[in-house]
Amino acid sequence: MFSNRWRFGWDRYTEVDLFTDHNDTNAETLSQAIRAASEEPDADGSVLFGHLQGTVVGLRYYTGVVNSGEMVGLVRQPQNPYDRNAVMVANIYGNQVGHIKKELAAAMAYVMDNKLAKVEGVVHSGTKNKFTMPVMLSFWGKEEKKNTVIEMMARRGYKLNTGGIGQAAVFFFFQLKNAFDNLFEGLMESKDGEKEAAKSVGTPLLPHQKKALSWMCARENKSGLPPFWEKRGELYYNTLTCFSAKEIPERVRGGILADDMGLGKTLTTIALILTNFHNGKPLPVETCVSVTVLNLYFSITVWCEQHLFIIKWLFACYQEGQSSPLKARTKKQMPPKLEGFQEDLDFAAALGGLISDTGFKKKKTSKKATPTLKDLKARATLIICPLSVLSNWLDQFEQHVSANVKLNVYLYYGSDRNRSTKFLSSQDVVITTYNILSSDNGDKSPLHVVNWLRVVLDEGHIIRNPDTLMSKAVLRFKAQRRWILSGTPIQNSVKDLWMLLAFLHLKPFDVREWWNRVIQRPVTQGNKEGLQNLQTLVKCITLRRTKNSEVNGRPLVSLPEKTVCVEKVELSQAEREEYELARNEGRNTIGRYVSEGTVLSNYAHVLAILMRLRQLCCHPDLLFYLSAFSNSVCSYISTPAELRERLIEKLRMVLASGSDEECSVCLESVRLPVITHCAHVYCRPCIAQVISTEKETARCPLCRSEIKTSELVEFPQEEMGEENGTNSEKWRTSSKVQALMANLLRLRSEDNRIKCLVVSQFTRFLTILETPLREHGFSYVRLDGTMSLKKRTQVIQEFQSSADSSPVIMLLSLKAGGVGLNLTAASHVFLMDPAWNPATEEQCIDRCHRLGQKRKVCVTKFIVKDSVEENMVKIQKKKQDLLEKAFGSTNTDRKASRISDIKALMEL
DNA sequence: ACCGCCGGGTGCC
DNA sequence: ACCGCCGGGTGCC
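Just so you know, these numbers come straight off a predicted model, no measurement behind them.

What counts, and where the lines are drawn
Residues numbered from 1 in each chain as written. Chains lettered and ligands numbered in written order. Predicted model: local features only at pLDDT ≥ 70, side-chain atom pairs only at ≥ 80, totals over all residues. Heavy atoms only, no water. Buried < 20%, exposed > 50% of the residue type's maximum accessible area, 1.4 Å probe, protein only. Helix = DSSP H or I, 4+ residues; strand = E, 2+ residues; numbered from the N terminus. Pairing = 2+ DSSP bridges. Axes fitted to C-alpha atoms, helices over the stretch in contact; angles between N-to-C directions. Contact = heavy atoms within 4.5 Å. Near = heavy atom within 4 Å. Polar contact = N/O pair within 3.5 Å; in protein donor to acceptor, adjacent residues only side chain to side chain. Nonpolar A, V, L, I, M, F, W, Y, C, P; charged D, E, K, R; others polar. Phe/Tyr/Trp six-rings, centres within 6.5 Å; stacked < 30°, edge-to-face > 60°. Lys NZ or Arg CZ within 6 Å of the ring centre and 35° of its normal. Left-handed = near helix turned anticlockwise from the far one by under 90°. Expected span 1.5 Å × (residues − 1). Bend = angle between axes of the 7 residues up to and from the residue. pLDDT = per-residue confidence, 0-100. Core = buried A, V, L, I, M, F, W, Y, C linked by side-chain atoms within 4.5 Å.

1. Section: the pairing of strand 27 (residues 809-813)
(1) Moving on: Taken across its five residues, strand 27 has five buried, putting it largely inside the fold.
(2) Moving on: Of the two faces of strand 27, the one holding I809, L811 and S813 and the one holding M810 and L812 are both buried throughout.
(3) Moving on: With five bridges joining them, strand 25 (residues 756-760) and strand 27 adopt parallel strand pairing. The partner of V759 across the bridge, within strand 27, is L812.

2. A closer look at the sheet that holds strand 6 (residues 132-141)
(1) Moving on: Read around the barrel, six strands follow the order 1-4-3-2-5-6 and close on themselves; strand pairing throughout is antiparallel. Neighbouring strand axes in the sheet, compared pairwise and without regard to direction, differ in orientation by 40 degrees on average.
(2) Moving on: Against the sheet, helix 3 (residues 102-113) contacts strand 1 (47-57), strand 2 (70-76), strand 3 (87-90), strand 4 (96-100), strand 5 (118-123) and strand 6, and its axis sits at roughly 75 degrees relative to strand 2.
(3) Moving on: Along the sheet face, helix 20 (residues 512-524) touches strand 2, strand 5 and strand 6 and points at about 135 degrees away from the line of strand 2.

3. Details of the protein's contact with DNA strand C
(1) Moving on: Every one of the 14 residues lining DNA strand C counts as a neighbour, but R60, Y61, Y62, D83 and H99 are closest to it.
(2) Moving on: The separation between a phosphate oxygen of DNA strand C and a polar side-chain atom of Y61 is 2.3 Å.
(3) Moving on: Measuring from a base oxygen of DNA strand C, one finds a side-chain N or O atom of H99 at 2.7 Å.
(4) Moving on: For the surface near DNA strand C, the residue count by class is six nonpolar, three polar and five charged.

4. Thoughts on the packing of aromatic side chains
(1) Moving on: Tallied over the entire structure, the rule returns nine aromatic pairs.
(2) Moving on: Look at Y410 and F423: their rings are 4.9 Å apart centre to centre, the planes differ by 85 degrees, and that puts the pair in the edge-to-face class. Here Y410 is found in strand 14 (residues 409-411), whereas its partner F423 is found in helix 15 (residues 421-426), with 13 residues between them in sequence.
(3) Moving on: Owing to a relative accessible area of 0%, Y410 belongs among the buried residues under this scheme.
(4) Moving on: Between F509 and W515, the aromatic rings sit 6.4 Å apart at their centres with planes inclined by 80 degrees, giving edge-to-face as the arrangement.
(5) Moving on: Taking the relative accessible area as the measure of exposure, W515 reaches 0% and is therefore buried.
(6) Moving on: Feature note: the residues Y93, W229 and F243 constitute an aromatic cluster, connected by ring pairs.
(7) Moving on: Positioned above the aromatic ring of F799 is the side chain of K755, whose terminal nitrogen or guanidinium carbon lies 5.1 Å from the ring centre.

5. Let's talk about the environment of F762
(1) Moving on: As for its placement among the helices and strands, F762 is situated in the loop between strand 25 and helix 27 (763-775).
(2) Moving on: For the pair formed by F762 and R614, sequence separation is 148 residues and the distance between their alpha carbons is 9.9 Å.

6. Some details on the packing of helix 20 against helix 21 (residues 528-541)
A packed helix pair is summarised by two numbers, namely the angle formed by the two axes and the spacing between the axes.
(1) Moving on: Axis separation between helix 20 and helix 21 bottoms out at 7 Å; the angle between their running directions is 115 degrees. Read as a crossing pair, helix 20 and helix 21 show a hand that is left-handed. Contact with helix 20, carried on its side by W515, I519, P522 and V523, involves G530, L531, N533, L534 and L537 of helix 21 and no other residues of that element.

7. Some thoughts on the side chain of R481
(1) Moving on: For R481, the position within the fold is in strand 17 (residues 478-485).
(2) Moving on: Residue contacts for R481: discarding those within four places in its chain leaves E220, R253, N276, F277, H278, L453, R454 and V455.

8. Examining the pairing of strand 5
(1) Moving on: The buried count for strand 5 comes to six of six residues, which makes it a mostly enclosed element.
(2) Moving on: Here strand 5 shows two buried faces, one formed by K118, E120 and V122 and the other by V119, G121 and V123.
(3) Moving on: Here strand 2 runs beside strand 5; their pairing, made up of three bridges, is antiparallel. Bridged to M71 within strand 5 is V122.

9. Some details on helix 26 (residues 735-750)
(1) Moving on: The end-to-end C-alpha distance of helix 26, which contains 16 residues, comes to 23 Å, matching closely the 22 Å that a straight helix rising 1.5 Å per residue would cover.
(2) Moving on: Residues of helix 26 that are buried: S735, K736, V737, A739, L740, M741, N743, L744 and L747.

10. Digging into helix 20
(1) Moving on: The first and last C-alpha atoms of helix 20 sit only 15 Å apart over 13 residues, clearly below the 18 Å expected at 1.5 Å per residue.
(2) Moving on: Maximum bend of helix 20: about 30 degrees, positioned at V518, with proline P522 one to four residues after it.
(3) Moving on: Every buried residue of helix 20 is listed here: R512, E513, W514, W515, N516, R517, V518, I519, Q520, R521, P522 and V523.
(4) Moving on: Downstream of helix 20 by a residue or two, G526 has a phi angle that is positive, lying close to 80 degrees.

11. Regarding the confidence of the model for chain A
(1) Moving on: In this model, chain A carries an average pLDDT of 78, and 74% of its residues clear a pLDDT of 70 or more.
(2) Moving on: Overall, residues 1-29 carries pLDDT values under 50, and its contacts beyond four positions in sequence, including any with other chains, amount to 47 contacts.
(3) Moving on: Long-range and interchain partners of residues 882-889, a stretch whose pLDDT sits below 50, account for eight contacts in this model, where long-range means more than four residues apart.

12. Here's the deal with the nonpolar core
(1) Moving on: Counting 96 residues, the largest nonpolar core has F397, I431, W452 and W515 as the members making the most contacts within it.
(2) Moving on: With seven residues, helix 19 (residues 495-503) is the single largest residue contributor to this core.
(3) Moving on: If we skip the residues at most four places from it in the chain, W452 touches A378, A380, T381, L382, L424, V430, L447, F477, K478, A479 and Q480.

So this is what it looks like as structure tokens:
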């Protein structure tokens, strides 16, 4: 009796499958157990400890079957009444297959419960008999746990086979990295043809948008097999996990639209909503002769009028005369109209052609509605977007939906938002923000009760961190179709993708374990096949075009021409003399370091010399003290205050230079910079760690001078952003300044509304340039890294404005702002000084040579003849190769290449 | 399960 | 006969 009861209890789990959501129950289901077991936040640093052949027993008691080569999951069952060490074996769908034999289970339980290792199983040869079968177990975990685990298992008589575990093939690493970077490139091919949007879409679609629409409709309607599934006889077989099932695997209805910013993702999505309702028919919408705008308008105003951005949006509408304030006000006072709801549903049902009007109504009230009816019932598309683009969505609906079409768009936002699920279901579109979502997160939240036709995540990469509330909320939507819109689907690593695939319900990868095993780990370890699989996966569900993409041999969108020319600048007699003096001096010094082999220990000094030369090329007043103290020179500085002053000066120079100073501890750009008494710059956390590890014996990683935490000097807060050192009385010009001004004056005489970007790595140079700009009456703004986000947006807005009073010149610090910066108002770019990294320059140019640019773009690079700048340009070309080779190469290699760079710069 | 293990039946060669 | 051997019953954790 007892035994039977329990057996029944466990057998229940065999019926659990991962294709069904179990949100409704609090009972711990097997699928949840597997999810929980595999939800280790960071499986990345895992290494393989070894393999072990084990046995799965008790097959005859369970329904789960496995194929040859199929992956299985191992789940601890501490509550098992027969053995608290029990380890259950389940297949991909979560059907139990059996148990690990108890002796082995006892050993594994210890390892698993103490999180010493994650154990994975693969059944290499299928069932030999129907009672037991062998399983290959592999143990994965943190390097430092490796020996403990091996010893632990050995003590219990299980010897982990550690032989033949090669490290990831480093050789292919570079290739793979490249392939990964290009993961989202070239995903266009010729997916389907073009599709015309429904009549209700008021704006004609561009060819590439029609293609996207066609692809999206196909993704929603076609019933093919998802990637890596194929039909084998009566069964559906997953070629990656070797799992097979009788039922056809659920297809992902949706995908990732990853077009570049500006290609019209919003418009295409609106077109999709209007064009592809149930059975591929257009969304049934009421049309009317009167001004439709008001309907949309009305629901928004009623619910959200207190929010500033809406007011802004309304204001924009007024201005454009799309509706009158008066009408809006009268409309606003009317009670919300909901009776259209039922009509719409009936209309939808009638369109579906499957059930009669009355039948539909009857079923609708019944709780046991079949899925088909539920599907039909779904009408609304839920759009989730960042607050910052909310008004843009409203604008776009306004703009692109035909004027005579009544589309119910509801903005689910604000404290008095309508939480009625009946109301929400009745809408055509509900828009909300990620923030609302994370606050409206419970199971009873209306957003999670409604059966959506479609859920669209705008800027979907926002949910890439699975630990956030909103990411969790996003996984619990009930929806038939799911879309992610994102210009940058991957920002850092493969990891970013998991959440996206999980949202899309891409089986079986929505369960972290299978994703980790099949894709993430192979890819991060440089496995070629893993990457290919990932590519295939992404290809199947993603459409991405960039501004450079071509369709039928023609560019998607044609950007205006861009010309780049280099203007050689001759130094004046005086400048040349000063430059040569500094150059000879520097050359001697560096030459000495090279011959002594002490370039690295005097690296700060070397950089300082180069910096001085680069600055001399721009303007003599750019010079800071050349704090020439390599460790040996420190002694002549007398007082601590003077030392501190000089260190700060030096630090300021490094920071202002924009030379992308590298921290020698983490080898990344320095964050929270501090300078040591020996004048080397590190990230504060990095060097602090060095000091805390080495204690009293701590030495500077670069020059081996003694260092102490108390001697780390930071940039004083009050000096941040203080840049008003030059006053116009002492101001003098330079050859480069002259060259720039000549260009600006010439342009102004041709067309006084031409806008220019003037770019330098030296913020002080920008300051120097302000004087002649003022003198010649140019209106300018300035954008550099020291400005607050708020100030930046304000400056950008000012510059982008087409108003007559808006500035014509932007002084831009090379590294300021992210890639997203949009400065299309400018059509001329002046790069005042060459950067170490040509990509930085390209990025900067792209800020104005991008979608939305109407004029030809003209880029001028000023390079001083016969100077370190010319050599930098030469190295730039080489640099691209170096950069690529730097992947996977060692610290020493990178340093070595730097030394050879320096030699080339100084012509040594 | 064409195994291993258990425990009862049995017992020179 | 407090053993070995035989053969039937039996079987995950």
